[in-house]
Amino acid sequence: MSKECPDCHGRGYRVISTEVCPQCKGKGKAKSVDLMKISQKDIDSLLKNGAECEKCKGTGNIENTEPCETCRGLGKIYACRVCGAPIYNPDEVEDETCISCSKSQHVYALDDSCDLKDVEAGNLYHGKVSSAASFGVFVDLNSHVRGLMHSSNVEVPPKVGATVIVLVKSIKAGGKLDLIPKTLQKYETIELEKELPVKSSDNIDPSMKGRLVRIEGEIIQVKQTSGPTIFTISDEGGFVPCAAFESAGKRAYPHIDAEMVVSITGEVTLRDDQVQIEVMSMKRLTAEREAAVRARVERVIEEKAAPADIPFLIESEIMEKLRPKMLHVAREIKKAILHSKPIILRHHADADGITSAIAIERAILPLITEIGGSDAEYYFYKRAPSKAPFYELPDITRDISYALEDASRHGQKMPLVILVDNGSTEEDVPAMRQARVYDMDILVIDHHHPDEVVDQYLIGHVNPAHVGGDFGVTAGMLCAEVARMINPDISETIRHLPGVSAVGDRSEAPEAGRYISLASDRYTLKELKDMALALDYEQFWLKFSSGKGVIDDILDLGDHKTHGRLVSLLCEQANGMIQEQLDTCLSNIKSQKLANGAIMNVLDVENYAHKFTFPPPGKTSGEVHDVLCKKNPEKPMVTLGFGPDFAVIRSKGVLMNIPQIVRELREEITGAGVNGGGHLVVGSIKFVEGMRTEVLSRLAEKIGSTEVEY
């Protein structure tokens, strides 16, 4: 490539000064001429014009010059046709290739985003022989560009499938490429892709259908269909599905997987009125480019994940102290959604746990759908109840199993686990340790008495005990406020849930009365209690199912008429079964007065209560306790429902610390296998069946030595 030097105008030198010719004294004519040395033509010119001065060539002036610095005396500006660097050595001008490039030729590898317009005659390209004919072989430079290597230029035709280096000799009419094979000892490969600006997914809309675009982001899901492979890409603008087709049902780009950062070039198409990119080219980004994309995405996500720091629905000194931790948890949940990380929401299977989970669910599902599309809930969200008030090993085993299946099937990340109304106690640690093996992050919003040991396994922990509160501030109250920080738009929808939580967990905290009053314009106290009972009853039969739909109807989050009929029916059935259980149990209660003046009521629920039906042992013990407390309103009361290997404790007016009692029993009674926990005055204990008598006796002693309020 060359052009005339702009400084010397093609002369190769520049004039620095001019002086009068010393030979002709400025006249331009010679003083004498040797007629024997000139031709007939020159004689004719001499006779006509006179003799020309040889020194100044008839100009009468002598120019003093120096070589042009710009073109180095060549008169033209030459540039290397490979790298574009300027050429000053005349020896290099002939093939217009600089010394560096002539020693190491540049061979272009055409990206699939390139077309014929990106090919230049005279350049070298990598290719692959795709087919052979009698007149030559066809070579693919990429999936869209093909040329012919004519047999006249080939001594030994390469086999189909062979990789070759070719020179594009010419581009003929109709876009036909004339290729010549080249054998190079030393060359440098240059990846050539179509020059397109990088677009954010939120700037790609249906009006761009048919346009070629480039995006950069992280693979969050890989889904193989019977046709194309669908790669879901997350960037600073959100997400966009990208379809790549190898052949029907065959995995495209098998080396690309979830959590990799890629650059994708493709055509904007529409599928079900939603934007989709038909992939032409996909490349994994590494090193500096990967870091730059991650940093760009993370910066935007941090901004979008900012929670709403809004006033609480009620006044609460405890929650105001917890506000920083609640904001932190809300931010982490939003960040997980924006990173398209699956979420597993685990909750205790009672009214408090269910209302806690539903509040969070109502906040995050619109965001998950907004980021991930209409089917994102199916892939990125799961809600599951836990029978125990802690994260049991069966729970984590199921969660890990499902997560690994999703990672294998859809290329998804490992999930964020949110534990509500459980997760604060030492009993949660074995499950949390398993979660850590698989890098599963865990958040906890709970009101059970916390053990410090769990915090090392969590990325966020909200518990009223951390700021001087107690279990009276229920998980349902905390979760409703965290949900509003995540998504303020659902405030009106969920404002009655803390009231249901309060009556379901029999909270006597000031916050309970305020939340119940907050919902009084829509529901009476009895209606809130009926919802709580209906939740407990229905969840008993649902067992490990989330009960999506029916739980919404119980909480009046669907059709109001259906809600009324359903809650009425469920409460009728639940109360009938509770009454039947009470009729069976009350006559089999054994009571004794303890050393501290408290009355201990003991019920063998294994032998004197209906099994495998509603109410379960914990609920049965609670109902019995309520009846006995009404009969003795002024006396401290403890009710102990026990089975072969467990005991359920309910108390009133007795200042126990059940988690502490459990730890002491475990240390004091060798071979009993004691574990358990719960709230300070409400909880459960497990032990081995053969040590039941000793454990219950020692438990009664400890309760009898506890302070009472009356």
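Chemist: Quick question: what am I supposed to make of the overall build of the protein here?
Modeler: Scanning the protein for helices and strands turns up 19 helices and 28 strands. Against the globule reference of 27 Å for 710 residues, the protein gives a C-alpha radius of gyration of 42 Å, more extended than a compact globule. In terms of overall dimensions, the protein has C-alpha extents of about 155 × 65 × 55 Å along its principal axes. The 710 residues of the protein split such that 50% are buried. Once local pairs closer than 6 in sequence are excluded, the contacts in the protein between residues at least 24 apart make up 65%. Carbon and sulfur atoms make up 50% of the accessible area of the protein, which totals about 34,300 Å². Counting 84 positive and 105 negative side-chain charges, the protein places the centres of these two groups 6 Å from one another.

Chemist: I would appreciate a short explanation of the packing of aromatic side chains in the present structure.
Modeler: How two aromatic rings sit relative to each other is given by the distance of their centres and the angle of their planes. Counted under the stated rule, the structure contains 8 aromatic pairs. For the ring pair Y537 and W541, a centre distance of 6.0 Å and an interplane angle of 85° mean the geometry is edge-to-face. Remark: W541 and Y537 occur in helix α14 (residues 525–542); sequence separation between them is 4 residues, near one turn of the helix. Note on F540 and F614: the rings are 5.9 Å apart at their centroids and 65° apart in plane angle, and the pair reads as edge-to-face.

Chemist: Any chance you could explain the sheet that holds strand β19 (residues 381–386) here in plain terms?
Modeler: Strands belonging to one sheet form pairs held by backbone hydrogen bonds; the direction of such a pair is parallel or antiparallel. Taken together, the 5 strands give an open sheet; going across it, the order is β19-β18-β20-β21-β22, and neighbouring strands pair in parallel fashion. This sheet does not close on itself; its edge strands, each paired only once, are β19 and β22 (460–462). The sheet shows a mean angle of 15° between the axes of neighbouring strands, direction not considered. When strand β18 (residues 343–348) meets β19, the two strands line up parallel, connected through 6 bridges. Note on β19: the bridge partner recorded for L345 is R383.

Chemist: Looking at this structure, I do not really get the sheet that holds strand β13 (residues 212–224). What am I missing?
Modeler: Around the barrel, which closes on itself, the 5 strands sit in the order β13-β14-β15-β17-β16 with mixed pairing between neighbours. This sheet shows a mean twist of 55° between the axes of neighbouring strands, independent of strand direction. Alignment of β13 against strand β16 (residues 261–271), held across 7 bridges, turns out to be antiparallel. For I215, the partnering residue across the bridge sits in β16 and is I264.

Chemist: Is there a simple way to think about the packing of helix α16 (residues 560–585) against helix α17 (residues 617–631) in this case?
Modeler: The description of two helices packed together rests on the angle between their axes and the distance between the axes. Where α16 meets α17, the axes come as close as 10 Å, and the angle between the chain directions of the two elements is 70°. In terms of orientation, α16 lies roughly perpendicular with respect to α17. Side by side, α16 and α17 meet where I578, Q581, L582 and C585 of the first sit next to K619, T620, E623, V624 and V627 of the second. Each residue belonging to the contact of α16 with α17 can be placed in one class, and the counts come to 5 nonpolar, 2 polar and 2 charged.

Chemist: Hey, could you run me through the environment of N607 in this one?
Modeler: Mapped onto the elements of the fold, N607 is located in the loop between β24 (599–604) and α17. Residue class for N607 comes out exposed when judged on its relative accessible area of 55%. Distance from N607 to F245, taken between C-alpha atoms, is 65 Å for residues 362 residues apart in sequence. Only 2.6 Å separates the side chain of N607 from the side chain of D604, close enough to count as a polar contact.

Chemist: Help me out: how do you make sense of the pattern of salt bridges in this one?
Modeler: Two side chains carrying opposite charge are able to pair once their charged atoms lie near each other. Across all of its chains, the model carries 44 salt bridges by this definition. Overlapping salt bridges, with partners in common, bring together D111, E191, E193, R214 and K283 in one network.

Chemist: What is the right way to read the layout of surface pockets from this model?
Modeler: Taking a probe equal in size to a water molecule and rolling it over the atoms shows the remaining empty space. Of the voids in this model, the second largest pocket is the one considered here, and its volume is about 950 Å³. Elements that contribute at least two residues to the lining of the second largest pocket include exactly β13, β14 (229–235), β15 (238–244), β17 (274–284), α5 (317–338), α6 (351–372) and α7 (376–380). Counting residues per element, the lining of the second largest pocket draws most heavily on β15, which supplies 5 residues. For the lining of the second largest pocket, the per-class residue count stands at 16 nonpolar, 11 polar and 10 charged.

Chemist: What's the story with empty space enclosed by the protein in this structure? I'm lost.
Modeler: Counted according to the given criterion, the structure contains 5 cavities of 30 Å³ or more. Each pocket or cavity is described by its volume, and for the largest cavity that value is around 60 Å³. Every residue along the wall of the largest cavity is listed here: I337, S340, K341, I368, I371, G372 and F380. Residue composition of the lining of the largest cavity, grouped by class: 4 nonpolar, 2 polar and 1 charged.

Chemist: Would you explain the side chain of Q276 in this entry?
Modeler: Examined against the element boundaries, Q276 turns out to sit in strand β17. Take Q276: its relative accessible area is 9%, and that puts it in the buried class. Among the polar contacts made by the side chain of Q276, one reaches the side chain of E278 at a distance of 3.3 Å.

Chemist: I would appreciate a short explanation of the packing of α5 against α6 in the present structure.
Modeler: Where α5 contacts α6, the axes come no closer than 9 Å and their chain directions differ by 25°. Our classification of the angle between α5 and α6 gives roughly parallel. When you trace α5 past α6, the crossing you get is right-handed. The segment α5 lies against α6, with I333, K334, I337 and L338 engaging I364, L367, I368 and I371. Split into classes, the residues belonging to the contact of α5 with α6 amount to 7 nonpolar, no polar and 1 charged.

Chemist: Help me understand a nonpolar patch on the surface in this model?
Modeler: A cluster of nonpolar side chains, contributed by L404, V437 and Y438, occupies part of the molecular surface with about 270 Å² of accessible area. Along the polypeptide, L404 turns up in helix α8 (residues 393–410).

Chemist: Just checking my understanding: could you explain the pairing of β18 for this structure?
Modeler: Along a regular strand, successive side chains alternate from one face of the sheet to the other. In terms of burial, β18 is largely enclosed, as 6 of its 6 residues are buried. Residues I343, L345 and H347 of β18 are buried on one face, and the alternating residues I344, R346 and H348, pointing to the opposite face, are buried as well. Of the pairings in the sheet, the one linking β18 to strand β20 (residues 416–420) comprises 5 bridges and is parallel in character. Bridge pairing links I343 to L416 in β20.

Chemist: Before we go on, may I ask you to explain α6 in this structure?
Modeler: Every α-helix winds through 3.6 residues per turn, so residues three or four apart in the chain are directed the same way. Over its 22 residues, α6 runs 30 Å from end to end, which matches the ideal 32 Å to within 8%, given 1.5 Å per residue. Along its length, α6 shows its largest kink, about 30°, at I364, and proline P366 lies within four residues downstream of that point. By the criterion of burial, α6 is predominantly enclosed, with 18 of the 22 residues buried. Of the residues one or two after α6, G373 is the one with positive phi, at around 95°.

Chemist: How should I be thinking about α8 in this particular structure?
Modeler: A rise of 1.5 Å per residue sets the reference length of α8, with its 18 residues, at 26 Å; its end C-alpha atoms lie 25 Å apart and thus fit the reference within 8%. Of all the residues in α8, the buried ones are D395, I396, D399, I400, A403, D406 and H410. Viewed end-on, α8 has its buried residues packed into an arc of 135°, placing them on one side of the element. Those residues of α8 hidden inside the fold are in contact with β13, β18, α7, β19 and α9 (429–437). Count one or two residues on from α8 and you reach G411, which has phi positive near 70°.

Calculation criteria
- Residues numbered from 1 in each chain as written.
- Predicted model: local features only at pLDDT ≥ 70, side-chain atom pairs only at ≥ 80, totals over all residues.
- Heavy atoms only, no water.
- Helix = DSSP H or I, 4+ residues; strand = E, 2+ residues; numbered from the N terminus.
- Rg over C-alpha atoms; globule rule 2.2 N^0.38 Å.
- Buried < 20%, exposed > 50% of the residue type's maximum accessible area, 1.4 Å probe, protein only.
- Contact = heavy atoms within 4.5 Å.
- Areas by Shrake-Rupley, 256 points an atom, 1.4 Å probe, with all protein chains shown as cover.
- Lys, Arg positive; Asp, Glu negative; His and termini not counted.
- Charge placed at Lys NZ, Arg CZ, Asp CG, Glu CD.
- Phe/Tyr/Trp six-rings, centres within 6.5 Å; stacked < 30°, edge-to-face > 60°.
- Pairing = 2+ DSSP bridges.
- Axes fitted to C-alpha atoms, helices over the stretch in contact; angles between N-to-C directions.
- Parallel < 35°, antiparallel > 145°, perpendicular 65-115°, else oblique.
- Nonpolar A, V, L, I, M, F, W, Y, C, P; charged D, E, K, R; others polar.
- Polar contact = N/O pair within 3.5 Å; in protein donor to acceptor, adjacent residues only side chain to side chain.
- Salt bridge = Lys/Arg side-chain N within 4 Å of Asp/Glu carboxyl O.
- 1 Å grid on protein atoms, 1.4 Å probe; cavity = no way out; pocket = protein on both sides within 12 Å on 5 of 7 lines; lining within 4 Å.
- Points joined across faces, edges and corners; volume = space filled by probe spheres on them.
- Left-handed = near helix turned anticlockwise from the far one by under 90°.
- Patch = residues over 30% accessible without salt bridge, like charges linked within 9 Å, V, L, I, M, F, W, Y side chains within 5 Å.
- Expected span 1.5 Å × (residues − 1).
- Bend = angle between axes of the 7 residues up to and from the residue.
- Arc of directions from axis to C-beta.

So, to be careful, I would describe these as geometric facts and stop short of saying anything about function.
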